[in-house]
Amino acid sequence: MRYAAFLWAVAAGAVDFNTAIAPVLTESCLPCHGSGKAGGGVRYSTAASAMRTIVAGAPEKSTLYLSIESGAMPPGEKLPKAQVDAIRDWIKEGAKWPAGLSLEQARAAVNERELVKRLHDKVAANSALPPATMAKIPEGDFVMGSNKKDEAPAHKVHIDAFYMDKYEVTWDQYRPFMFAKDEGVDAVSRPTRPYVEMSFGMGIEGFPAISMTQHAANKYAEWLSQKTGQFYRLPTEAEWEYACRAGTDDTPKDLEKYAWFAANSGGKYQKVGQKLPNAWGLYDMLGNVMEWTLDQYAADYYAHSPAANPRNQAKTPYPLVARGGSWQDGAEKLTCTARVGSDPSWKEQDPQLPKSIWYETDAQGLGFRLVRPVKIPSAEEMYKYWNNGVERDN
Amino acid sequence: MEDNRRDFLKTAGAAALAFPALIRAEQATNAIKVGLVGCGGRGTGAAAQAMKADDFAELTAVADISQERIDTCLDQLLKTSGQKVKVEAKNIFLGLDAYQKVIDSGVDVVILATPPGFRPAHLRACIEAGKHVFCEKPIAVDAFGVRDVLETAKLAKAKNLNLVSGFCWRYSNYIVATFDQIKAGAIGDIVAYYATYYTSPVKPMPPASARPAGMSDVQWQIANWYNFQWLCADSLVEQAVHSADKIAWSQGDKPPLSCTAVGGRQIPAEGGNIFDHFEVNYLYPNGVRAFLGSRQIEGCWNENADYIMGTKGVCTIGRSPMPKITGQTEWTYTGTKYDMYQYEHDMLFQAIRKGQTINNGERMATSTLLAMMGRMAAYTGREITWDMALNSQERIFPEKLDWNGSLPVPPLPRPGITKFL
């Protein structure tokens, strides 16, 4: 069964929920008892809903077991005995349901993996070079960090070659991802409609896109990859710093010639590419909008990070690293080494729960740019780049 | 008149705004039990904020028409509020009368977060039963509802019950600071107010083919509540009412003399009956004008801003992240912004603990009516005075509602043909 190929953390006990129970519920129950459709008021998408018809430890008192055992459910053919027994034993063992698991989300993850696999094959077969709006960043070594606080220790890092957007991603590029109609079955998941006007009156054409979550930036990268056949993703924190330094020690002396920040931005972001580029042809690395990276923020990460192509894979929704400072920041925050961790307050204006996984409404100085590594990763790696796994706040 | 929220905030001072003085454990004598009526995204958010506002606030009862929404809501709240979610199975109520069961379950505070059509009856039942209330905006869909809420607000006052409204900008520190500037004369006398609420459609109507077999009119319409006048009061009153509330604020919450408006529907209604665009022109005493534009159409210029024009300068909110005043006085808000949604609840629970009373009831009714009179003017094509609006006999929310019943949808209004009632 296709679903079984996708394994969640394996639960203890003789009957494994992920391989023995989830597939049965997904294939045989969810079609009529999923979210949105509740045949007879019964639902099996989440633990809270499923436990209405399950008495943990007592299959003989559980409507779920009784109805499949008698053959009343599912309508039509009775479930194979092995499946009925598995459900019985699972209930007898306490009906353990992995914390927070939604069967629908699990099914969506299976679909996403298949999508990424197809996308990987498409990218691998494409020999075209990235567009001229990207700069080639050479393979090399540099000293990352400084002796200051969370930038310490300064340490040597090796980075493989990649291409990087010369400009921050603009609304012109990002809005088609937000608003265009789905292109068909291979649709990457796309943002919900924003409740508020997301440029906050600061301008659209030529201006950087802002206030998206890292998840949204990841999905934009996936969407763009699908459209172009190139593999795009966010930079790692190390790649970002390497590209920002561009072979130099750190921050340029005449900052105002290179960057928009509190002293010269006029209280808003500015069109991308108006200031001088850095030595590798990248504009607005410092200032204008700070930029998402792939990494989890950890103040002590440099003390134990690997020497080549480090990446601190996210395990919690906050904090994630943004870099470069923004139009809102003072000059002291516009350095190639300064690290900012995302915070729940970036979503404060969202009055709903769960909060949107797409918008950081209160982070109006937050944007991103993409990279395209020279070496194309495996499908599994692509999946991990585009699905941070921590998109939900809680 | 009722407690003026803005003046209250003003006296409270900036420090208190940034760090609301919460009542902490040692001062609490017992739990404050909260009931939630309407378990959608906003209701879930409000419940989490309520539980965060007080160490001993706990959620004990919930109501909705959908078990699925209740499940999703409680799953979510268990993650954000943990042990404070104490909803026993017997206190989960389903159906159109579920709100009354929440009230009767022994709660102290009720959060009203259903679609607005139900609000007047829910609010009345809460206040009559002696409950404190957090009441989302808008508060009614027709003038019958507004008048009902005005009465209920008086009753709440007489009973010293807290009635905090979800007109959240009144609880936003940086918008309060901005209106304080205006009140202090930073732009001179206000001559005009232009407010925009141009967005995409909020919850578009699905095609009729998506309606499950056997689902009644009432159930189908509630499931798609945003598209029906009797549930959402129309886009102008449901969303742009925030702008109307700020216009009212700028005018000291005094009513306008009259208004005219244009409005209509550009995109197919798919069986719903709300407009997708309005432009309202209010006339205030001394010739002061306020203009309110609202639109919910894809692919257009989106903007949510306020331009407040005075004899000595202009205040602009929403064209940059921080409000600005230009003219004789140059001013920009430079402080931090805090979470106004949380602050609403912080203030509510603080008042309950201290035995004080906040009553936003009258103001939330008049701000809703301000948007509603614009809708009346747009629907009919007539000039509408404040008294006409306040005394309107148009009944939009059904007098009787049957969960399994049929409910024909009145056609889209036609200016010049639709009668003012």
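Use the structure listed above.
Residues numbered from 1 in each chain as written. Chains lettered and ligands numbered in written order. Predicted model: local features only at pLDDT ≥ 70, side-chain atom pairs only at ≥ 80, totals over all residues. Heavy atoms only, no water.

Enquirer: Even after reading the chapter, I still don't get the packing of aromatic side chains, so can you show me in this structure?
Expert: Any aromatic ring pair is given by two values, namely how distant the centres are and how the planes are angled relative to each other. Residues and elements named next belong to chain A. Here the structure, examined in full by the defined rule, presents 32 aromatic pairs over all chains. Centroid distance F17 to W97: 4.8 Å. Interplanar angle 50 degrees. Geometry classified as tilted. One end of the pair, F17, is in helix α1 (residues 17-33); the other, W97, is in the loop between α4 (81-92) and α5 (103-124), with 80 residues separating them in the sequence. Neither residue differs from the other here; F17 and W97 are each classed as buried. For the pair W292 and W346, a centre-to-centre distance of 6.0 Å together with 55 degrees between the ring planes defines the contact as tilted. (Phe/Tyr/Trp six-rings, centres within 6.5 Å; stacked < 30°, edge-to-face > 60°. Helix = DSSP H or I, 4+ residues; strand = E, 2+ residues; numbered from the N terminus. Buried < 20%, exposed > 50% of the residue type's maximum accessible area, 1.4 Å probe, protein only.)

Enquirer: It is not clear to me how the sheet that holds strand β10 (residues 289-296) of chain B should be interpreted in this structure. Could you clarify?
Expert: Working definition: the strands of a sheet are paired by backbone hydrogen bonds and lie parallel or antiparallel to each other. Residues and elements named next belong to chain B. Judged by pairing direction, the sheet is mixed, and its nine strands sit side by side in the order β14-β13-β12-β11-β7-β10-β9-β8-β15 without closing on themselves. Edge positions in the open sheet fall to β14 (331-332) and β15 (384-385), since each of these has one partner strand only. Pairing of strand β8 (residues 258-264) with strand β9 (residues 277-283), which is carried by seven bridges, proceeds in the antiparallel orientation. Paired with G264 across the two strands is H277, which belongs to β9. Sheet contacts for helix α7 (residues 173-183): β7 (190-199), β11 (303-310), β12 (313-317), β13 (324-327) and β14; angle to β12, the most-contacted strand, approximately 170 degrees. Contacts between helix α13 (residues 361-380) and the sheet are confined to β8, β9 and β15, with β8 contributing the most and set at about 60 degrees to the helix. (Pairing = 2+ DSSP bridges. Contact = heavy atoms within 4.5 Å. Axes fitted to C-alpha atoms, helices over the stretch in contact; angles between N-to-C directions.)

Enquirer: Would you explain the interface of chain A and chain B in this entry?
Expert: Think of interface size as the accessible area that goes away when the parts come together; that is how it is often given. Taken together, the 25 residues of chain A in the interface contact 30 residues of chain B. At the boundary of chain A and chain B, one finds zero salt bridges. The residue inventory of the side of chain A that touches chain B, partitioned by class, reads nine nonpolar, eleven polar and five charged. (Salt bridge = Lys/Arg side-chain N within 4 Å of Asp/Glu carboxyl O. Nonpolar A, V, L, I, M, F, W, Y, C, P; charged D, E, K, R; others polar.)

Enquirer: Honestly, the environment of B:A63 in this entry has me stumped. Any pointers?
Expert: Residue and element names in this part refer to chain B. Along the chain, A63 turns up in strand β2 (residues 57-64). C-alpha of A63 to C-alpha of D97: the two residues are 34 residues apart in sequence and 8.8 Å apart in space. When residues no more than four places from it in sequence are discounted, the contact partners of A63 are L36, V37, G38, C39, I70, F93, A98, Y99 and V102.

Enquirer: Would you take a moment to explain the pattern of salt bridges for this structure?
Expert: Two side chains that carry opposite charge are able to pair once their charged atoms sit near each other. As enumerated under the stated definition, the model contains 31 salt bridges over all chains in all. The residue B:R69 makes a salt bridge to B:D64 at a minimum N-O spacing of 3.1 Å. Note on B:R69: relative accessible area 34%, which makes it partly exposed. The partner of B:D97 in a salt bridge is B:K101, with the nearest N and O atoms 3.8 Å apart. When its relative accessible area of 36% is taken as the criterion, B:K101 is described as partly exposed. One salt-bridge network, held together by shared partners, links A:E237, A:E241, A:R245, A:R323 and A:R339.

Enquirer: Any chance you could explain the sheet that holds strand β5 (residues 132-135) of chain B here in plain terms?
Expert: Residue and element names in this part refer to chain B. Taken in spatial order, the six strands line up as β3-β2-β1-β4-β5-β6 in an open sheet, and their pairing is parallel. Each edge of the open sheet carries a strand with a single partner, namely β3 (92-94) and β6 (163-165). Sheet twist, expressed as the average angle between the axes of neighbouring strands with direction ignored, equals 20 degrees. Note that strand β1 (residues 32-37) and β2 share six bridges and pair parallel. Looking across to β2, one finds that L36 is bridged to V62. Along the sheet face, helix α3 (residues 67-81) touches β1, β2 and β3 and points at about 165 degrees away from the line of β2.

Enquirer: I'm lost on the nonpolar core in this one. Help?
Expert: Side chains of a nonpolar character, in soluble globular proteins, are inclined to be buried together. Judged by nonpolar contacts, the single largest core of 97 residues is most densely connected at B:W230, B:Y282, B:L292, B:I308 and B:L370. In terms of residue count, α13(B) provides more of this core than any other element does, eleven residues in total. Leave out the neighbours within four places in its chain, and B:L292 touches B:A195, B:L236, B:A240, B:S243, B:A244, B:I247, B:F278, B:E279, B:V280 and B:Y282. Judged by nonpolar contacts, the second largest core, of 53 residues, contains A:W327, A:L366, A:F368 and A:Y383. (Core = buried A, V, L, I, M, F, W, Y, C linked by side-chain atoms within 4.5 Å.)

Enquirer: Could you clarify how one ought to interpret the side chain of B:S200 in this entry?
Expert: You can see B:S200 is positioned in the loop between β7 and α8 (217-223). Beyond its immediate chain neighbours, meaning those up to four positions away, B:S200 contacts A:F179, A:R193, B:Q296, B:I297, B:E298 and B:N302.

Enquirer: What's the story with the layout of surface pockets in this structure? I'm lost.
Expert: Over the atoms rolls a probe the size of a water molecule, and in doing so it shows where empty space is left. Counted as a void, the second largest pocket has a volume near 890 Å³. A:Q328, A:D362, B:M322, B:G335 and B:T336 are, among the 29 residues lining the second largest pocket, the residues nearest its centre. In the lining of the second largest pocket, the residues fall into nine nonpolar, 14 polar and six charged. (1 Å grid on protein atoms, 1.4 Å probe; cavity = no way out; pocket = protein on both sides within 12 Å on 5 of 7 lines; lining within 4 Å. Points joined across faces, edges and corners; volume = space filled by probe spheres on them.)

Enquirer: So what exactly am I meant to see when it comes to α7(B) here?
Expert: Note on helix geometry: an α-helix contains 3.6 residues per turn, so any two residues three or four positions apart are oriented the same way. All names here are of chain B. Counting buried positions along α7 gives eight out of eleven residues, so the element sits mostly inside the fold. Listed as buried for α7 are N173, Y174, I175, V176, T178, F179, D180 and I182. Taken from the residues just after α7, G185 is the one with a positive phi, measuring 100 degrees.

Enquirer: Is there a simple way to think about the pairing of strand β6 (residues 320-323) of chain A in this case?
Expert: Look at any regular strand and the pattern is simple: side chains alternate between the two faces of the sheet. Residues and elements named next belong to chain A. Residue alternation in β6 divides its side chains into two sets, L320 and A322 and V321 and R323, and both sets are buried. Here strand β5 (residues 290-296) pairs with β6 via three bridges, running antiparallel. Counterpart to Q296 in the pairing with β6 is L320. Relative to strand β7 (residues 339-341), β6 runs antiparallel, the two sharing three bridges. Bridging from a neighbouring strand, R323 pairs with R339 of β7.

Enquirer: What is the right way to read the environment of A:P31 from this model?
Expert: Residues and elements named next belong to chain A. By secondary structure assignment, the location of P31 is in helix α1. Exposure remark for P31: the relative accessible area of 43% places this residue in the partly exposed category. A C-alpha to C-alpha distance of 63 Å links P31 and K253, two positions 222 residues apart in sequence.

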